[in-house]
Amino acid sequence: EYVAAYVRLRNIADADAPALAFDSLFTGASAETEFEQVSIVEPEPELFAQLFPGGTAEGWVAVTVPKDDPEARLAFRGISISTGNRSGWRYFALP
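Owing to the predicted nature of the structure, the values given are computational and were not obtained by experimental measurement. (Residues numbered from 1 in each chain as written. Predicted model: local features only at pLDDT ≥ 70, side-chain atom pairs only at ≥ 80, totals over all residues. Heavy atoms only, no water.)

(A) Examining the pairing of strand 5 (residues 48-51) more closely. Residues Ala-49 and Leu-51 of strand 5 are buried on one face, while the alternating residues Phe-48 and Gln-50, pointing to the opposite face, are not. Here strand 2 (residues 19-22) pairs with strand 5 via four bridges, running antiparallel. Counted as the bridge partner of Phe-22 is Phe-48 from strand 5. (Buried < 20%, exposed > 50% of the residue type's maximum accessible area, 1.4 Å probe, protein only. Helix = DSSP H or I, 4+ residues; strand = E, 2+ residues; numbered from the N terminus. Pairing = 2+ DSSP bridges.)

Here it is in structure tokens:
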């Protein structure tokens, strides 16, 4: 199963450098488990933007989650995607 979520991001960093925002920065999660992403075509507009400090972007992301899992969450991996460090991850409840 999967869930599609419409998200809005804002870059609140102090750095002058822009940050990339795209669907692969999100994954489905439950308890301490993150789920492998499969190819899912998101509705338009798909989330993909270059965010300068103070900038915003919005769009759809789709993530894999187990059916009827009460602990299913949307996880934002942020820039820690390449380091494996979860300290910068943010989790959002799914209705």
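(B) Spatial organisation of the sheet that holds strand 4 (residues 33-34). As summarised here, the arrangement of the four strands in space is 4-3-7-8, forming an open sheet in which the pairing is antiparallel. The sheet terminates laterally at strand 4 and strand 8 (90-93), the two strands that pair on one side only. The sheet contact formed by strand 3 (residues 26-30) and strand 4 spans two bridges and is antiparallel. The partner of Ala-29 across the bridge, within strand 4, is Glu-34.

(C) View of the packing of aromatic side chains. On inspection of all chains with the given rule, the structure shows four aromatic pairs. Seen from their ring centres, Tyr-6 and Trp-60 are 5.3 Å apart, and the 70° between their planes marks the pair as edge-to-face. Highlighted residues: Tyr-6 in strand 1 (residues 2-10) and Trp-60 in strand 6 (residues 56-64), separated in sequence by 54 residues. Given the relative accessible area of 40%, Tyr-6 is considered partly exposed. (Phe/Tyr/Trp six-rings, centres within 6.5 Å; stacked < 30°, edge-to-face > 60°.)

(D) Representation of the pattern of salt bridges in the model. Enumeration according to the criterion identifies one salt bridge in this entry. Ionic pairing is found between Arg-8 and Glu-58, a salt bridge with its closest N-O pair at 3.4 Å. Taken as a pair, Arg-8 in strand 1 and Glu-58 in strand 6 lie far apart in primary sequence, 50 residues in all. Take Glu-58: its relative accessible area is 40%, and that puts it in the partly exposed class. (Salt bridge = Lys/Arg side-chain N within 4 Å of Asp/Glu carboxyl O.)

(E) Main features of the nonpolar core. Core analysis: the biggest nonpolar cluster contains 16 residues, and Val-7, Leu-9, Phe-26, Leu-47, Val-61 and Leu-74 have the highest contact counts within it. Of all the elements in the fold, those that place two or more residues in this core are strand 1, strand 5, strand 6 and strand 7 (72-76). Other than its neighbours up to four places away in sequence, Leu-9 contacts Ala-21, Phe-26, Leu-47, Leu-51, Gly-55, Thr-56, Ala-57 and Phe-76. (Core = buried A, V, L, I, M, F, W, Y, C linked by side-chain atoms within 4.5 Å. Contact = heavy atoms within 4.5 Å.)

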